[in-house]
Amino acid sequence: AGLGNAFLSHIAAVDGIFHLVRAFDSDEVVHVDDSVDPIRDLETIEAELCLKDQTTLEAVLDREKDKARKAKGVARSAEPTLDESIQSAYEKCAELLKNSTPIQTGEFT
């Protein structure tokens, strides 16, 4: 069976990952979907990583909002105005991740 959330928590502590998927039939190697489809498997891994990145991106945005509130001396309940570059980068990253597109493949100017 697949690792699911355990997989995501395991890789959160590493600096990089290497995708390796099976592209051969073998009765000795069980697959969670009972079929060999490396393209599907890569797409699944990429989608799961993007979902995890969305969580991380939200946490980063929350930290930036906290910094902005502290800098401006406003209450925690207030919605601060973020620096345009931060807001723009967040929106671009959020859109990429919403479409299960890794951030590193996006174009930033």
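Now for a description of the structure that goes with this document. Here the structure is a predicted model, which is why all the values come from computation and not from measurement. (Residues numbered from 1 in each chain as written. Predicted model: local features only at pLDDT ≥ 70, side-chain atom pairs only at ≥ 80, totals over all residues. Heavy atoms only, no water.)

### So, the pattern of salt bridges
For the structure shown, the criterion picks out seven salt bridges. The residue Asp 66 makes a salt bridge to Arg 76 at a minimum N-O spacing of 2.5 Å. Taken together, the residues Asp 66 in helix α2 (residues 38-72) and Arg 76 in the loop between α2 and α3 (84-98) connect sequence positions ten residues apart. In this structure, a network of salt bridges that share partners links the residues Asp 33, Arg 40 and Asp 41. (Salt bridge = Lys/Arg side-chain N within 4 Å of Asp/Glu carboxyl O. Helix = DSSP H or I, 4+ residues; strand = E, 2+ residues; numbered from the N terminus.)

### Details of α3
Between its first and last C-alpha atoms α3 spans 21 Å; for 15 residues at 1.5 Å apiece the expected length is 21 Å, and the two agree. Here α3 has its buried residues at Tyr 90, Cys 93, Leu 96 and Leu 97. When α3 is viewed along its axis, its buried side chains cluster within an angular range of 130 degrees and face the same direction. Exposed residues lying more than 90 degrees from the buried face of α3 are Glu 84 and Lys 98. Where the residues of α3 are buried, they touch α2. (Expected span 1.5 Å × (residues − 1). Buried < 20%, exposed > 50% of the residue type's maximum accessible area, 1.4 Å probe, protein only. Arc of directions from axis to C-beta. Contact = heavy atoms within 4.5 Å.)

### Describing the nonpolar core
Residues Cys 50, Leu 57, Leu 61, Ala 68, Leu 82, Tyr 90, Cys 93 and Leu 97 constitute the largest nonpolar core, which totals eight residues. Of all the elements in the fold, those that place two or more residues in this core are α2 and α3. Among the elements that make up this core, the one with the highest residue count is α2 (four residues). Once you skip the residues sitting within four places of it in the chain, Leu 57 turns out to touch Tyr 90, Cys 93, Ala 94 and Leu 97. (Core = buried A, V, L, I, M, F, W, Y, C linked by side-chain atoms within 4.5 Å.)

### Looking at unusual backbone geometry
In this structure, Asp 34 takes a positive phi of about 60 degrees despite not being glycine. Relative accessible area serves as the criterion here: at 70%, Asp 34 is assigned to the exposed category. Residues other than glycine seldom take positive phi values, yet Ser 100 does so here, at roughly 55 degrees. Looking at the secondary structure, you find Ser 100 in the segment after α3.

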